[in-house]
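Summary of structural features
Now for the letters of each chain:
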Amino acid sequence: MPIISTLLTQPFDQVTCDTIIQGGTRISWSMDPRFCESEDWVFQVYANKNADEPNNWVPVGSPVTNTYFVVDPTQRMYGKDARLSYKVVLTIGDDEYTSPIATTLGNLTVKQQLIANAIVRRASLERSQLPKSSGWLFRRRLYGTPCSCVDELVGTSTDPDCETCFGTGKVYGYWQGVAETLYDLSPATRYNTVDDQLVQGTIDAAAIRQGVLIGEPFVESKDLFVLANSDQRYSIKEIKHVAEIGNIPIVTQITMALLPLTHIAYKLDLATS
Amino acid sequence: MAIIHEELCEMGARPLLIDGLFRKILIEYFSQTEEIEYPTLATKLYSSDVPTGIVIETVYKWDPKQTEKRPAILIKRGAWQPQHLAMFDGLKSVDANLDPTYFRFWQGEHQFICLSRSGAEADMLGAEIARFLLHYGPFIRSACNFMRFRLQSLSPLSKIKEATDIFAIAVGVQYVWEEGVTITEK
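The rules we used
- Residues numbered from 1 in each chain as written.
- Chains lettered and ligands numbered in written order.
- Predicted model: local features only at pLDDT ≥ 70, side-chain atom pairs only at ≥ 80, totals over all residues.
- Heavy atoms only, no water.
- Helix = DSSP H or I, 4+ residues; strand = E, 2+ residues; numbered from the N terminus.
- Buried < 20%, exposed > 50% of the residue type's maximum accessible area, 1.4 Å probe, protein only.
- Contact = heavy atoms within 4.5 Å.
- Areas by Shrake-Rupley, 256 points an atom, 1.4 Å probe, with all protein chains shown as cover.
- Buried area = accessible area lost by both parts, 1.4 Å probe.
- Salt bridge = Lys/Arg side-chain N within 4 Å of Asp/Glu carboxyl O.
- Polar contact = N/O pair within 3.5 Å; in protein donor to acceptor, adjacent residues only side chain to side chain.
- Nonpolar A, V, L, I, M, F, W, Y, C, P; charged D, E, K, R; others polar.
- Pairing = 2+ DSSP bridges.
- Axes fitted to C-alpha atoms, helices over the stretch in contact; angles between N-to-C directions.
- Left-handed = near helix turned anticlockwise from the far one by under 90°.
- Core = buried A, V, L, I, M, F, W, Y, C linked by side-chain atoms within 4.5 Å.
- Expected span 1.5 Å × (residues − 1).
- Bend = angle between axes of the 7 residues up to and from the residue.
- Phe/Tyr/Trp six-rings, centres within 6.5 Å; stacked < 30°, edge-to-face > 60°.
- Lys NZ or Arg CZ within 6 Å of the ring centre and 35° of its normal.

1. Looking at the overall build of chain A
For chain A, the count of helices and strands is two helices and 16 strands. Going through the 273 residues of chain A one by one, you find that 48% of them count as buried. The contacts in chain A between residues at least 6 apart in sequence include a share of 63% that link residues at least 24 apart. Working note: accessible area of chain A is about 13900 Å², and carbon and sulfur atoms make up 51% of it.

Next up, the structure:
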């Protein structure tokens, strides 16, 4: 693993901003999946009011460890100026990695960003009368320290019930949960039966639901969504971008399947989320 | 095992009985750690209580408590085929009362479907069962009065969609036994 890491000069894959002018901008980042180092990943976010002007970087809050986003509660933009930018510095031991600069407009043009904001606002308003389900989103770790249950020869987890990696093969398994609202959650269906092909035994193939997420964070297949009230845990399967601009998803419809109650995901700790 | 052996002797092989025989054998093997070769599998011992470390059931059993519980070994019977012997419907002998005895062979197959959320674990489970059956095959053949008991195949890995991806491997065995019927005139 370290061999791959040393070849990478830029471990950050993408840094994006979900901007709220009056404070609450969320700066999130994703890492190159090939980047493997020890788990003490300390991130410090810096803000710059004037794009990438040298010596104008100020830290945003305190350093954070092993997470993938930070919320900047401070309003930093006034007037009609939108030149605020962010960067993330990752410190691992004595090594330091600096991310590319992310503007508060993300990777979109101004026009695209305005359209995106309008879509998000409209989607939220339209769905205000629809049932909302609060819960937590757990993003699966795609990189990090390989777990001890990973076979050295094939490089994959041999124990899907491992309590260290939760079957993902990466230590900790999932990133810390993020509180999220799921809109328009479809009613549950159930059909508990022996499978038609006589291969799987007792299954519940119909325990699939759909819901809508608005704005960030972006989700991926195999991420988990936990419904707050019932503690039912779902594996996200299909992701459909209902609205996107410039390849950035704005409204995302997800299809998710209820995990069996014996699944290791039920041992994920919600208390720290 | 004693009950199964007794029933086998009394009634001969029946599908339900052979399902139960294999289930019993696998349960015994996966109930203790001593002989399990893979350390990971040795942490998932069978228990008749919920939750069990590993599910060992017939493939047709509906058990909501074990819905999509993995890893699992599901026992599935394959085709049973009578092998007719020679001419005269397998007439083999006639006793002192001139009552004829007819013999035929039966050839049967069973599959042990190994299911896991990890391809590697499914592979391990398949290999564990295959090696167990290879090693204990002669004992099973002798205890069940089979004429032949052999490991037939270890299938390729396949993927099944459930709440998460599931990987499956089937371990196949074949066995042959002789069945004789004496027709007595009254």
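Picking up where we left off.
2. A few points about the interface of chain B and chain A
The interface of chain B with chain A comprises 30 residues on the first partner and 28 residues on the second. Carbon and sulfur atoms make up 52% of the area that chain B and chain A hide from each other, which totals about 2300 Å². On the surface where chain B and chain A come into contact, there are four salt bridges. Notably, a salt bridge pairs B:Lys44 with A:Asp161, separated by 3.1 Å at the nearest N-O pair. Applying the counting criterion to the chain B and chain A interface returns 19 residue pairs in polar contact (both at pLDDT 80 or more). Broken down by secondary-structure element, the contributors of at least two residues to the side of chain B that touches chain A are strand S2 (72-84), strand S4 (100-116), helix H4 (119-143) and strand S6 (158-161) of chain B. Its residues assigned to classes, the side of chain B that touches chain A comprises twelve nonpolar, six polar and twelve charged.

3. Regarding unusual backbone geometry
Note that the residue after B:Val50, namely B:Pro51, is joined by a cis bond; omega there is 0 degrees. In this model, A:Asn66 sits at a positive phi of 50 degrees, which is unusual for a non-glycine residue. Locating A:Asn66 in the fold gives a position in the loop between strand S4 (57-65) and strand S5 (69-72). The exposure class assigned to A:Asn66 is buried, which follows from its relative accessible area of 15%. Residues other than glycine seldom take positive phi values, yet A:Phe166 does so here, at roughly 55 degrees. Relative to the elements of secondary structure, A:Phe166 occurs in the loop between strand S9 (132-138) and strand S10 (178-183).

4. What about the pairing of strand S6 (residues 85-92) of chain A?
Residue and element names in this part refer to chain A. Counted residue by residue, S6 has seven buried out of eight residues, so it is predominantly covered. Of the strand pairs in this sheet, S6 and strand S8 (residues 102-103) are connected by two bridges, and their pairing is antiparallel. Considered in S8, the bridge of Tyr86 is made with Ala102. In this sheet, strand S7 (residues 95-98) lies alongside S6 in antiparallel orientation, the contact comprising four bridges. Looking at the pairing, Ile92 lines up with Asp95 of S7. Hairpin connection between S6 and S7: a loop of two residues separates the two successive antiparallel strands, and Gly93 in this loop has a positive phi of roughly 60 degrees.

5. Examining the packing of helix H2 (residues 15-29) of chain B against H4(B)
Residue and element names in this part refer to chain B. As a packed pair, H2 and H4 sit with axes 12 Å apart at the nearest point and diverge in direction by 115 degrees. Here the hand of the crossing between H2 and H4 comes out right-handed. Across the interface between the two elements, Ile25, Leu26 and Tyr29 from H2 touch Glu128, Ile129, Phe132 and Ile140 from H4. Within the contact of H2 with H4, the residues separate by chemical class into six nonpolar, no polar and one charged.

6. Re the nonpolar core
All names here are of chain B. Core analysis: the largest hydrophobic core is formed by 34 residues, its most contacted members being Phe30 and Phe112. When contributions to this core are tallied by element, the ones reaching two or more residues are H2, helix H3 (39-42), S2, S4, H4 and strand S7 (165-182). Discounting residues that sit within four places of it in the chain, Phe112 has contacts with Phe22, Leu26, Ile73, Leu74, Ile75, Ile129, Leu133, Ile169, Ala170, Val171 and Val173.

7. A short note on the sheet that holds strand S1 (residues 12-18) of chain A
Backbone hydrogen bonds hold the strands of a sheet together, and the pairing may be parallel or antiparallel. All names here are of chain A. The antiparallel open sheet is built from three strands, whose spatial order is S1-S2-S5. At either margin of the open sheet sits one strand with a lone partner, and together these are S1 and S5. On average, each strand axis in the sheet is inclined to that of its neighbour by 15 degrees, with strand direction left out of account. By the bridge criterion, six bridges tie S1 to strand S2 (residues 25-31) in an arrangement that is antiparallel. From the neighbouring strand, Cys17 faces S2, where its bridge partner is Ile27.

8. Quick notes on H2(B)
An ideal rise of 1.5 Å per residue puts 21 Å on 15 residues; H2(B) measures up with 21 Å between its terminal C-alpha atoms. Buried residues of H2(B): B:Leu17, B:Ile18, B:Asp19, B:Leu21, B:Phe22, B:Ile25, B:Leu26, B:Ile27 and B:Tyr29, and no others.

9. Observations concerning H4(B)
Residues and elements named next belong to chain B. Compared with an ideal rise of 1.5 Å per residue, which puts 25 residues at 36 Å, H4 spans 34 Å between its outermost C-alpha atoms and is within 8% of the ideal. In H4, a bend of some 60 degrees at Tyr136 exceeds every other bend along the element, and Pro138, a proline, comes one to four places later. Where H4 starts, the residue carrying a side-chain oxygen 3.2 Å from the main-chain nitrogen of Ala120 turns out to be Ser118. Looking one or two residues past H4, Asn145 carries a phi angle of roughly 60 degrees, positive in sign.

10. What to know about the packing of aromatic side chains
Aromatic ring pairs are described here by two measures, namely the spacing of the ring centres and the angle between the planes. Throughout the structure, instances matching the rule amount to 21 aromatic pairs over all chains. With a centroid separation of 6.4 Å and an interplanar angle of 70 degrees, the aromatic rings of A:Phe12 and A:Phe43 are classed as edge-to-face. Here A:Phe12 is found in strand S1, whereas its partner A:Phe43 is found in strand S3 (residues 42-48), with 31 residues between them in sequence. Classification of A:Phe12 by relative accessible area gives buried; the value is 4%. Measuring from centroid to centroid gives 4.9 Å for B:Phe132 and B:Tyr136, while their planes differ by 40 degrees, and the two rings are tilted. One end of the pair, B:Phe132, and the other, B:Tyr136, are both in helix H4, four residues apart, so they sit about a helical turn from each other. Under the relative-accessibility criterion, B:Phe132 is labelled buried at 6%. Three or more aromatic residues joined by ring pairs form one cluster here, namely B:Phe22, B:Trp80, B:Trp106, B:Phe112, B:Phe146, B:Phe149, B:Tyr175 and B:Trp177. Directly above the ring of A:Tyr68 sits A:Arg139, whose terminal nitrogen or CZ lies 5.4 Å from the centroid.

Honestly, it's all geometry; don't read function into it.
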